[in-house]
Every structure is written in C-alpha cells, then in structure tokens.
4 protein chains.
Amino acid sequence: MTQGSTGLGVGMVGHAFMGAAHSQAWRTAGRFFDLPLSPDMAVLCGRDAATAQAAADRLGWRHVVTDWKELLTRDDVALVDVCAPGDVHAEIAVAALDAGKHVLCEKPLANTVDEARAMVAAAERARANGVRSMVGFNYRRVPAVALARQLVADGRIGEIRHVRGTYLQDWIVDPEFPLVWRLQADRAGSGALGDIGAHVVDLAQFVTGDRLTGVSALTETFVRERPLPEASRGLAASGGPGRGRVDVDDAALFLGRFSRGALASFEATRFATGRKNALRLEVNGSLGSLAFDFEAMNELSFFDGTEDARTAGFRRILVTEADHPWAAAWWPPGHGLGYEHTFVHEIVDLVRDLGAGTDPVPSFADGLQVQLVLDAVLRSAAAGSQWKEIEE
Amino acid sequence: MTQGSTGLGVGMVGHAFMGAAHSQAWRTAGRFFDLPLSPDMAVLCGRDAATAQAAADRLGWRHVVTDWKELLTRDDVALVDVCAPGDVHAEIAVAALDAGKHVLCEKPLANTVDEARAMVAAAERARANGVRSMVGFNYRRVPAVALARQLVADGRIGEIRHVRGTYLQDWIVDPEFPLVWRLQADRAGSGALGDIGAHVVDLAQFVTGDRLTGVSALTETFVRERPLPEASRGLAASGGPGRGRVDVDDAALFLGRFSRGALASFEATRFATGRKNALRLEVNGSLGSLAFDFEAMNELSFFDGTEDARTAGFRRILVTEADHPWAAAWWPPGHGLGYEHTFVHEIVDLVRDLGAGTDPVPSFADGLQVQLVLDAVLRSAAAGSQWKEIEE
Amino acid sequence: MTQGSTGLGVGMVGHAFMGAAHSQAWRTAGRFFDLPLSPDMAVLCGRDAATAQAAADRLGWRHVVTDWKELLTRDDVALVDVCAPGDVHAEIAVAALDAGKHVLCEKPLANTVDEARAMVAAAERARANGVRSMVGFNYRRVPAVALARQLVADGRIGEIRHVRGTYLQDWIVDPEFPLVWRLQADRAGSGALGDIGAHVVDLAQFVTGDRLTGVSALTETFVRERPLPEASRGLAASGGPGRGRVDVDDAALFLGRFSRGALASFEATRFATGRKNALRLEVNGSLGSLAFDFEAMNELSFFDGTEDARTAGFRRILVTEADHPWAAAWWPPGHGLGYEHTFVHEIVDLVRDLGAGTDPVPSFADGLQVQLVLDAVLRSAAAGSQWKEIEE
Amino acid sequence: MTQGSTGLGVGMVGHAFMGAAHSQAWRTAGRFFDLPLSPDMAVLCGRDAATAQAAADRLGWRHVVTDWKELLTRDDVALVDVCAPGDVHAEIAVAALDAGKHVLCEKPLANTVDEARAMVAAAERARANGVRSMVGFNYRRVPAVALARQLVADGRIGEIRHVRGTYLQDWIVDPEFPLVWRLQADRAGSGALGDIGAHVVDLAQFVTGDRLTGVSALTETFVRERPLPEASRGLAASGGPGRGRVDVDDAALFLGRFSRGALASFEATRFATGRKNALRLEVNGSLGSLAFDFEAMNELSFFDGTEDARTAGFRRILVTEADHPWAAAWWPPGHGLGYEHTFVHEIVDLVRDLGAGTDPVPSFADGLQVQLVLDAVLRSAAAGSQWKEIEE
C-alpha cells in the first residue's frame, strides 16, 4: 500500500478463473505502480458460504458475503468488481452503480443488448455523481497490444486496408468434454462468440481506433450434445439421461467493414486443435503492418513499409523496453510478462482514473458497442449470412 | 533426356512470368526424375516475332511462331502449354485439344464459367482419343502441401472442422503502381480473386479432399484509378489523361462451408503490406492440425492431438526428407527447394501420366469447379454478402 | 496465508532488482499453491534507513533494519533471503546459518571459490540441525526448463552428444553506459561470466543431469573505461576525472566436456546487440533434441528422433498445460507466465522442503560447483585457453 | 545460350552430389542471367565408364572420359570443374591450371595445407597467363548471405564484437550408418570439420570481411567403429569383419578471435539430431546484428540498433526483392529460391569474371586460408585446446 494514500475498498463477486486473476491484480498493482488510492481487498461474494470462505482465504480477501446486495451498503466497499457469469452482470452492475459504487465488470458486458443498454444508462447516471465504470477487456493491456495501438495512432501504418482477427482455442474438441456453463445459452449468452469473439472484436477496434459498421456471418455447433458435468447433473432440464443439449455456438466466423474503409475477417472457435489461446490480430495499412499473437504475448510484429525494400521485414519487437507501455514498472528488457499482468495494468489504469476523476476505458458504452457487433453477427448468421449493419 | 525414351514435343504460348517458370521446368524435369517421354522444347509462340525470338533464345526454345494456330498442325508439337493471359485460354485450349494435342493450361482455367465449361467439354471429347489435359495449380506440387494432403488422407487430423486460407501480397499498395493487365477485367477476368484466390481455393480443396458448397463474400477495390503503364498509354479507353479505371477487385474475402461440414474463411489481397507471397493454409481437425505458409515453403506445421499433452506441440517439419513427395530426387535433408520446383514436379507428374495413359490432375473439371467457387464469390459480393450455393 | 498453517518469518537483505522479484514471490506463492508454512514478509534490511523504508512500503515488508546482523536474533525471522551483491553473500549466509536461520541466497553463490567453500561448510553444519539452504538459480523453475529436465531424465533424447548454451544481453553496448557495480570486480566478482554465465552453466547441468569436467575459455573486455555513475563519482579509485576502469569481463566464451561424454559450448555476453535476455540452451542426444530460449519462456522445442522421418520436426510445446511443472496452479493452457513466476516456483519448492524437512535444490554445494566451473573458465582464459579440469 | 556469345567448354570431374548440383548450375545460369560466355557442358569424367555414361545422360553432358588427364588436352574444354573427393583436388587442379584450363574446385580446397599451398602457387602461375581459378564455397551465393555481407560493409552493424557460427547436421547419429568415404581420413581429410566446418569458417570471414587469427579447439569421434558400406566391404583395411574404424572427427568446436577484435565460436557436427542443414551465423556489432540459418535460406534477420528502442526488433527480411543480390533475375518477391541456386550464382559470377578478365572469388588463396584455420583447429585440439595462431 502506498504510504499516505487513501484506501479503495473493493468487493468482488465471483471467485473462479476471473476472480483469481482479479485478486492477483488487486494485490499486485500497488507494489509495482504508484497509485493514488490503495486497493483494499475487503469483501468476497460467493453463493456458497464455505466455498467462498475457502476462496477468500486462498485469494486474500478479508470478509465474505453470500448475497451481492450486501456489498452495496457496506462502507468498506467503494468499488464492486463483477467476476460472475454474464447472466448476472446487468443486475449487479446497475444496482451497484445506482448505489454509488464504482463498477469494474468482466466482459462480455451482458448477455443481451437490452441488458447492456440498461448498464450504459446506469453508468451515465452514475457518472454525473462521479461514480465510474469500466468493462474488463483485459487484452487491451497487453503491452504489445497497447504499442500496436500507439503505432496506428502515430500513423506508422497509414490508412488501414485489412484487419484479420482470430481467437482460437481447442478445449472442447473432445465430444466427451462436459456441458459446463460456458456451453449453456442461459448462463453464457453465446458460445465462442461472446466468450472470446468479444475479445477479438474489442481488440481490433481498439488497435485500429475505428469501429465496425456491418458484418456477414456464419456460426456452427459441431457437437450438439454433451455429458452433463458431475456437479449439476440433477439440474438438467433437457437432453437424455446424463446428457444435455449444447445451445451455443462452437465457432463463429464473420466478415466486416470498418467505418474508414478497412475490410475485416474474424473467427472465434474452441475447435482449433493445437491452438491454445491464439488471440491474433493482423492489421495491414498503406504504410505498414502489425501482427500480434497472444501465445507469444511479449512480442509485436511490425513491418515498416517506408523502409528501403532491401532491409524491410517484419520486426519481432520484444515489448519489454522501458519505453513500452507499463514495462518500466516491471523487469529489465527481455524479461517477459504473463497473462495476469494484463489485469494488473487494468487495475492500475482504473485506480488512476478513480484518483484523477477521469473516465476509465473501455467504458460500458464500449462494451455495448461490442455487444451490438455480436448481435449483428448472430442476426446475419440467422439470415443466410446476409449483410447486417451494426446498430449505433 | 532419358536415353532411349520417346520425345514429347512441346509448344508453349506466352513467355512472360509463367513462360519462364514453365521453360525451366521442361528443361529440368528429366534431369532429376525418370520420365517415360523426353520433353523437347520445340516451339515458342509470342505475338511479336522479335520479342518472341529473344525469349526463345533466352529460355531455350528451338523454334518461334507468332500465331498459336500454327502449333496445332506441327508434327514436332504433341503438347500445347498455355501460359498466356486468361482471356485466350479457352480458345487456344479447345482448339488444341480438338486438334489432338495434349494441353497444360495455366490457372485460372478461364475468365468465365462459360469458357471453362467449354474447355471441360473439349477435354472430355479429347480424352476419348487419349488426349490429356491439366490445369496448372502448381502449388499442389509444393512437397509440404502434398505431405499435408497425405496426412489428411491418412486420417492424421481426423474430421475437419476449420479451414483458413489466405493469399496475401502487397505489390499494388502504392496507388501510383500502373494499371497493368492483371488489373483489367477484360484481360484478367478478375483481380486478386482469380489470380491468387483461385490458388488458395484449389489448395484448400486439394488438401482437405473436400469441396466447398457455398460462400458469403465481400470484395473491394481500394484504388480505383491508376496511371496507365508506359507501353499502353495510347490505348486508354477511359479515365483522365494518362490514367485508367481499375475494374477488378483489389481484395476478396469470403466465408464458406465444405461438404463434410467444415467451416472456412478465405482472403485474397494485393494490399497486405509486407506480405510478399503469403499463400497460407491452416486446417484444424478433430485429431490434429496442419499449417502452411508459402513464404517458408519447405516447412509444414503439424499438430498431433493424439499425443500426450505434455509433449504435444506444432512441429516444424522440414519437408526435405527422402520419404517426402518428390524430395528424394533432389538434395539431402535440409537443402530446400524453391518456387520453380513446383513447376518441375507438375511437369514430372504430367509427363508420367502421358506415358502411362492416365489422367493428370488437377483436371479441367477441377479448374471449372474452382471457377464456380469464384463465380459464387462474385455473386455473393454483389448481393450483400448473401449466401450463395456453388453450382455443380 | 493458508488457514491454520504455521508462519515462516522472512528477513530479506537487499531491495533492488532481486529484492523486488523475491518480494513478489513471497507475496504470491501461497495464493496459488498450497504451502505447509505461510510466508510472512517480516523484515527488510537495507543500508540506508530512508531508502529501505520506502522500499519496504512499496514491496510490502512490515519492518526495516539497516544492519543485517539484527535479522539473526529476531524471533520473527526464520529465514534470511540474501539479495545483496555477491561480495557480502558469504558473510551474511554463514552467519545466518550458524544462527539457525534458513538461507535462500541469490546466485552466484559467492565471488570466490574460497567463500563458496565456507558457505557449503556452514550449510553442512546447519543441516545437522535441520536448518536448510538454497541458492537462487531461478531459471530452473521456468516450466519449460523443468519439462526439458524431465524429458532428459525420461530418456526421451537418449545419450547426450551436444550442449549449446548462451546467455546474451546487450545493455552495455553503449560505451557511455556508466560503470555500475556489476562492472566492478570488487563488488560483482566477475562480469558477464558470474552474472549470467553462472545461470547458463547451472541450467545446462540441471537439464542434462550431468556435470562439466573441464573447459577451455576466452574472455574479453571490449570497453575498458566507462563514465562513473552519478551517485558514486566521488569514490573513483582509478581512471581519469569522472571515468573508471572496467575490471570485469564483458564477454566469456568456453568449450567444455561433460562427465558422460557430451561436448559443450557456452557464451555469456552483454554485447549481443538486440538480444535482450537470450538465455538459450540446446541439447542434442542420440534419440532427440531440446531447445529453449528465455525470450520465449513459455515454449520448449523438442525433436523426437524416434518418430517417422516423414512427420518428425521440432515441436513448439506451449508449456502451459495442466501436466506441465507448476502450470496447473495458474491459468488455462496458452495463458503464459512471466519472469517473476520463476521466483514464485522457487519459493514454493523451498517452503515445501522446509515443511517436509527435506533438502532444497539447488544446494549451496550446487552453487559451489558452478563457482568451480567459473573458476576453471578464468584460469583457462588466463592460460592461453589451455584446458583446465574442474576441481571437485 | 546467349545469342552471339562465345562458348565456354566445361569438363567436370565427378558426378555424385556435387556433380549433380554443378550440372544444374551450368545448365541454368545462362537462362536467367546475361553471360559473356555460353557454358557448354562438354565432357564428364568418371572412373567407371558405364556409370559415368549413365550420369552424363542424366545430367546432360555430351562426352564421357574416364581419365581426367584427357580433359587437359581437349579443345572443347576451357574450364575444369573439380567435383571429386578432396584427396584428388590438388593433383587435378594443379595439372589443369598448368595446362591453361580455368579451374573451379569444390571445397575444401585440399586435404592438407601443403596441397593447398601447391594449388595457390599453381593459381598464381596460371593467373599470369589469364587463367582463372575459384574455390566453391557456394553458400556465399545465398542472397541472404550476400546481403549480410553488404550490410556489414555498409557499416550497418558497426564494429563487430561477436561471431557465432554453427553447421549442424544429423545424418550419422545412427551408429549403424555405414563407413562412407566422408568418414575416412585418407579420402576426406577430416570429418565434420573439413566438410561443413570449412563452410561456416568461410561464411563467417566473408560476411565480416575479417579473418580469424587464432583458435582454441575440441574435437570428438562419438562412434568409433561403423559397418563398412556394401560396395567397399572387401577393401576394409582395419576393424573387425565387416566393420571399419572411423578416423575423422564427428564434431569439432572452436573458439576464435578475429583480427579486428571480435570473439567467435564455431561448431561443426553431424550429431545434432533434428538439425538437417543448420548452417547458422550470427554477428553482433556495436550498431546492430545479423542472423542467418540455411534451413530458412530465403530469410535474413537484421537488428538495427540505431532505431528507437520502442520499435526496434529483429527483422525477418525475405531476401527475394529486386534489390537483393541475384534476385531480380528470378521470380517476384516472396517466391523463394532453393539450394541449387547458390551454384547457379557461383557459375554466373565465375563466367562473368572470365568474360571480364577479372579474378573470381573466393580464390584459391581464400581456400588455403580456410585450410589454415582448420589446421590450427586440429593442432589446438591435439594440444589440450591450447591457443594456436593461424599461419599466414
């Protein structure tokens, strides 16, 4: 905790994958970065008291509650960090904002556009009272990604012609992999599209500084029935004995156009055998190109088309230099960062905005806009890939 | 020339880029491979006598003619090799086949589906008389690509889920690059789509052993007017003084489905700054994955999903071992091949088929099928990306 | 802190680069791993009270002392973590062990062989009383490196023929880079050799499970005079006004033999422009090969020579699977780790050994053995590269 | 054959691996490059008449002789191309030069320094009469290598500090691989050292434009007895029944210094499992670095240390642009070359020198100098790795 700074009480909802990542970020941010407020890991909220207490002990939270509504009235909670599945984002975030708590909400912002709109409205109301909100597109805070954004903004690749984004995973290739909540529409909203497609859409718009205006899409569910997971077998509402229907997409592909004329293609899938977390983006401009792959997250590929053809080539920039985003706070050049550092950077930027009274990005409105892209994707896929404009 | 073998007189039409590549292949094939017939580089055909003679001297052809029709009646020509632009393919190939000459025709087979159909019909007629035909999708003969095909056929990657194909170049990024014939619809048929998109479509269908059934597409012309090339400035029919309209696509993107259920995305562009000849293909199956990039043409990436996760990873296979396609004829392991070797292999396989009296592949029917894919792409792009079935 | 566990009070000496890395590790270890003892970041020791206090606030230590001897008598310190420069390792570590404190000591173990021997003797004395010691060769705890060790031990690469190790950096290429303590023999012992060469020697011996028996060496100091750093300018004992002599090696190269017959080459340099932290190791065996580069620390290259030549190739294993060393405690596959995780793993293993009453590795004896290798390197370099046996 | 040009009659000795490569080069050079003389593949010389005739038919030579001395008196032979094993280089080359024939001699120049000196003397004598000679270090003619040489000469990497060269192969890892002539001292002179070590030494000196002055070395023979090859089983002078002694090195490692101060390490081995033809060179200078690996022969890695650290990184230059050495004569950018193109470029440069009356490089003197390096390596290895100066 930075000496003399005011505390920032945090209440976190959820303690699974995202909860662990956020906890590590709240714990670490102030150890490497100067923060205007000292994060205080005050309260963890989980449905089951015993499980939540064990998680709080492990992850380092002082108190435990089982009803998220309690967070809204506690004095030791100034910010609610929503790490629960998408189906509860809207309810919690709106209530928290209305209760005057800052909100950090994991992506996708919500499971439906209507929910997302309600959240944006709540964020607008809250903002008038100095209450801030942010959606957790953590990959923006990979140093290589932030550098890519800077190079585009500096004009280093010129007018953008092509955007190529993929998010490839392979964890459900086996048809016997169980029907976890991420494969159920009522909990997760959509499948690969909302879970990982949302990330690559946000990344592409962030790096280019431009927005998609329309899409043509294709989705598929390769494996339509899966075994129910052990724990929830009793709750199965559909499917034969012990099996349930997969009602989300396994893969989503779409073409798109950006407002300034670039063409784009996107693909999100959990069936790309051997690709573990291949969040990839390539951007080709009139003066140069950029390419990124999260599986080598400390590297950015940059082609400078203004160089002499004799020595031009894609450069592998190790994004660990003192001049690179966030890097000076960490280790010497060549000593790479890992996945959880993206969350540390997210927290650092959020807390600095809270201290300065400025608006964090990505905003809930940014989250809604991604939601509108995903919505257009689903509408196009349902209409024979017909071109669909993205709503404003 | 293999001792004691019968000769195979060749007449080649065209002597530019493809003419040079084919000449080197005709000259080299018999030096490294046992052939049943000895290629004889008999006659080169070019419109301008002086230019053609110079080309023949340089490329090593014995005679020169300026009218391709002469080839059809010469005894020293048993095979016509069509390396001219696409607008003349149909006329020459049909006449040659009907005259009893074998035909090797560069891709794309034709500029229109109707022409391609006529060529297939001619090929069928000729075949009854033992006259053979082949379309020149040379990239099938990259050893790494042929190995990929074998691994798919052997079941090493299982049921195919995803196909990702791109052909990225950057030679017309500069808006001052002139309006060469490849940018004119009447000569080239289409732009990036027919020139390089045709290659990646053929490659994807060849490697998977499957066919596309439908597509949704997007095309774009980024630079709509270009300076006329020095030589043809006087011929400009449109545009301002010294400039002409680009009436072909600069880039084409499309999504597709294969008959056995795989999803696909394709992109062909000449605006991918820094990508010089990035003909790339990735195929993900239920048991493994394959990836190829022509810019590293001697390598194939292979992920074997049946391996222990502890040691599984994409392997970089250097496709230069004696057990690899065509490789035993060349150099020891690790001594790579180059672009023109794909043409040598094409000629080797063609001549062996001629010797054995078997049908070479890819056939004109294969060329037509690719044409039908490209046609569906253009129809979809013209119809708001609506899904278009590919005609049989 | 794991509930119900006993605490482990830690006193750390030094708070620069290594101090920050160790602090993060002490803080994090118990959050992701089950530990038998709960690390308690009790006391930080630094020469200057104000600087040390600021560091303690930032890094999260409860108390501050300026004399390391105080740590030896405190009840809240059970382990002394030595992160100071090499010239004080021996004095502190020996005293701490003799006082019954466990010791974790940064590498190189000492600046001289004599000091290292004294430390090993102290470690032996202490061990009799259940007091443990460990030297901090953190790169052993990169998951990819530990996997490499496992594959060698499993016999996957057979009999080892070749070892190729480099540690390449470039931070003093500029002759105007100042004469920091790492470039002064009285503080650092040696230059690139002891700082980074020690790491690559340890790594090679760890991965192969074998020991070097002799070396032939070459060292060089390319830039022999440098500006004094601002802070210590007054202390300059030599050189012209404001400049001082570099009396350590800028680069050290050596050949070696392992006890089981492998040939080895090593290189440690701070003059490899563009190489930021290229700790690389390649091992070729009769059945396969392994290659690692810390600049891509989440990857291991593995060639299995027992495979069919048709599909053999170096595999890029993403070492982030649940079956990989330490990986299950972190994130899903493909979500990489960073530099500081090596220290977390080091602490985890150390604390588990303390809990189990077993000896941590690498031991002080291992540290001495590396020191003996470095000593032989310096003796050989001083004797015209003559072969020098490594003392036992 | 370029019209109107004078012919250059070639007589080649040997028709195995190198003979095939040279034949392809003689055949191809004039088809892509303007040459002042037209190579005429006149006479092939081989010991066995039938085998030689078959080779001549396949490789395209007009006449066959079984005694190389016949070449010296033939009018249709102006140049003798020596592709036989090293033990006959000196005798043939000296006689040919003295007979007024130009000589292209494969590397290593000779099996002993004395032979090499005699060849240099003959070359000097012949030069006075306008008779030229060249030694076949073909890897200098990889475009990426020639580009590296240019960048060094242009000062792009500044003062050179480090050279790291390896030539790694794995074709004799299996102890049952037979005792071919390359493993016999009386034919091959040395093992990996002369066969592939010679290449990497030449490459390092060529790219840096500097010469090695001394070395410290280590050699090893891992497998000391091997089965005799089928054909020569009866000739075994030593070893048990059907087995023979390997009396050359399997691997050679050495450290070195260049005349301008750079440190170097070299390794040549045939026991690097998985490395097929890894002729690698890295050069680090005060302003930048270069790296090359023949297994990706169309690429050069270049780090420009004068760039902003924010965007600096190793560039992967695809060395296929019109501005790159020899590239304009071949294909468009991104269409790579293969192994045999290095021989084409060698012939092109040689024939142009013959036409211009200038001295080809590398000269016999260059070949002798490499021989002197190898000699120092063997002397050092025999003397406990003691430093040995390289004779002038």
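Chains are numbered independently. Their residues run from 1 in the order of the written sequence. Whichever chain is written first is A, and whichever ligand is written first is 1; the rest continue in order. A pLDDT threshold of at least 70 governs which residues receive local features in this predicted model, and a stricter bar of 80 or more applies before side-chain atom pairs are shown or counted, although totals over entire chains, interfaces and linings include all residues. As a rule here, side-chain values come from all non-hydrogen atoms in the structure, and water together with hydrogens is ignored.

## Let's talk about the relation of the copies chain A and chain B
Inference 1: When the copies are overlaid, the least-squares fit takes in C-alpha atoms only where the residue has pLDDT of at least 70 in both copies. Once chain A is rotated about the relating axis by 180 degrees and shifted along it by 0.0 Å, it coincides with chain B to within an RMSD of 0.0 Å. When the rotation and shift are considered jointly, the pair of chain copies conforms to a two-fold rotation axis. Within chain A, the C-alpha atom positioned nearest to the axis of rotation is that of A:Gln386, 2.2 Å from it.

## Looking at the interface of chain A and chain C
Inference 1: Across the boundary between the two partners, chain A contributes 37 residues, which contact 38 residues of chain C.
Inference 2: Counting the surface lost from both chain A and chain C, the interface buries some 3,100 Å², and carbon and sulfur atoms represent 54% of this.
Inference 3: Summed over both partners, the accessible area (1.4 Å probe) lost when two parts come together is defined as the buried area. Sorting the residues of chain A by area buried against chain C places A:Arg31, A:Trp331 and A:His335 first, and these three jointly supply 20% of that buried surface.
Inference 4: The term salt bridge refers to a side-chain nitrogen of Lys or Arg lying within 4 Å of a carboxyl oxygen of Asp or Glu. Along the contact surface separating chain A from chain C lie 4 salt bridges.
Inference 5: Linking C:Lys276 and A:Glu321 is a salt bridge whose minimum nitrogen-to-oxygen distance equals 3.6 Å.
Inference 6: Pairs of N or O atoms within 3.5 Å make up the polar contacts considered here, provided that, within protein, one atom can donate a hydrogen while the other can accept it, and that residues adjacent in sequence are counted only when both atoms are side-chain atoms. Across the chain A-chain C interface, the total number found is 14 residue pairs in polar contact (both at pLDDT 80 or more).
Inference 7: Listing elements by their share of the side of chain A that touches chain C, those giving two or more residues are helix H1 (17-32), helix H2 (49-59) and strand E16 (314-318) of chain A.
Inference 8: Elements are defined by DSSP. Helices are runs of H or I of four residues or more, strands are runs of E of two residues or more, and each kind is numbered from the N terminus. By residue number, the principal contributor to the side of chain A that touches chain C is H1(A), which donates 9 residues.
Inference 9: Note on residue categories: nonpolar means Ala, Val, Leu, Ile, Met, Phe, Trp, Tyr, Cys or Pro, charged means Asp, Glu, Lys or Arg, and polar means any other residue, Gly included. Classifying every residue of the side of chain A that touches chain C by side-chain character gives 16 nonpolar, 11 polar and 10 charged. Residue contacts follow a heavy-atom distance rule, with two residues in contact if any of their heavy atoms lie within 4.5 Å.

## Some thoughts on the confidence of the model for chain A
Inference 1: The predictor attaches a confidence to each residue, and that confidence, scored 0 to 100, is pLDDT. For chain A, the average pLDDT comes to 95, and 96% of its residues sit at 70 or higher.
Inference 2: Low pLDDT (under 50) marks residues 232-239 of chain A, which in the prediction has 7 contacts with non-local residues, meaning those over four places away or in another chain.

## Quick notes on the sheet that holds strand E4 (residues 79-82) of chain C
Residue and element names in this part refer to chain C.
Inference 1: Taking strand neighbours across the sheet as the criterion, the 6 strands line up as E3-E2-E1-E4-E5-E6 in an open arrangement whose pairing is parallel. Whereas interior strands pair on both sides, the edge strands pair on one side only; in this sheet they are strand E3 (63-65) and strand E6 (133-136). Put simply, the sheet's adjacent strands are angled 25 degrees from each other on average, direction ignored.
Inference 2: In this analysis, strands are considered paired if DSSP registers two or more bridges between them. Relative to E6, strand E5 (residues 102-106) runs parallel, the two sharing 4 bridges. Within the sheet, the bridge partner assigned to Leu-104 lies in E6 and is Met-134.
Inference 3: Against the sheet, helix H8 (residues 341-356) touches strand E1 (6-13), strand E2 (37-45), E4, E5 and E6, its axis set at about 160 degrees to E5. Simply put, an axis is a line fit to the C-alpha atoms, just over the touching stretch for a helix, and the angle between two N-to-C directions goes from 0 to 180 degrees.

## A few points about the relation of the copies chain A and chain C
Two copies of the chain are present, and they differ by a rotation about an axis and a shift along that axis.
Inference 1: Superposition record for chain A on chain C: RMSD 0.0 Å, screw rotation 180 degrees, translation along axis 0.0 Å.
Inference 2: In this assembly the copies share their binding face: 100% of the residues contributing to the interface of chain A also contribute to that of chain C.

## Some thoughts on the sheet that holds strand E3 (residues 63-65) of chain B
Residues and elements named next belong to chain B.
Inference 1: Reading across from one edge, E3-E2-E1-E4-E5-E6 is the order of the 6 strands in this open sheet, with parallel pairing throughout. Looking at the sheet topology across the chains shown, the edges are occupied by E3 and strand E6 (133-136). Going across the sheet, the axis of each strand differs from the next one's by a mean of 25 degrees, ignoring polarity.
Inference 2: Of the strands in this sheet, strand E1 (6-13), strand E4 (79-82), strand E5 (102-106) and E6 touch helix H3 (residues 89-98), which is tilted by about 165 degrees from E5.

## Concerning the interface of chain A and chain B
Inference 1: On the side of chain B, 46 residues touch chain A, which itself brings 46 residues to the contact.
Inference 2: Interface of chain A and chain B: buried area, both sides summed, is about 3,400 Å²; carbon and sulfur atoms make up 59% of it.
Inference 3: On the surface where chain A and chain B come into contact, there are 6 salt bridges.
Inference 4: In this structure, A:Glu267 engages B:Arg164 in a salt bridge whose closest nitrogen and oxygen atoms are separated by 2.7 Å.

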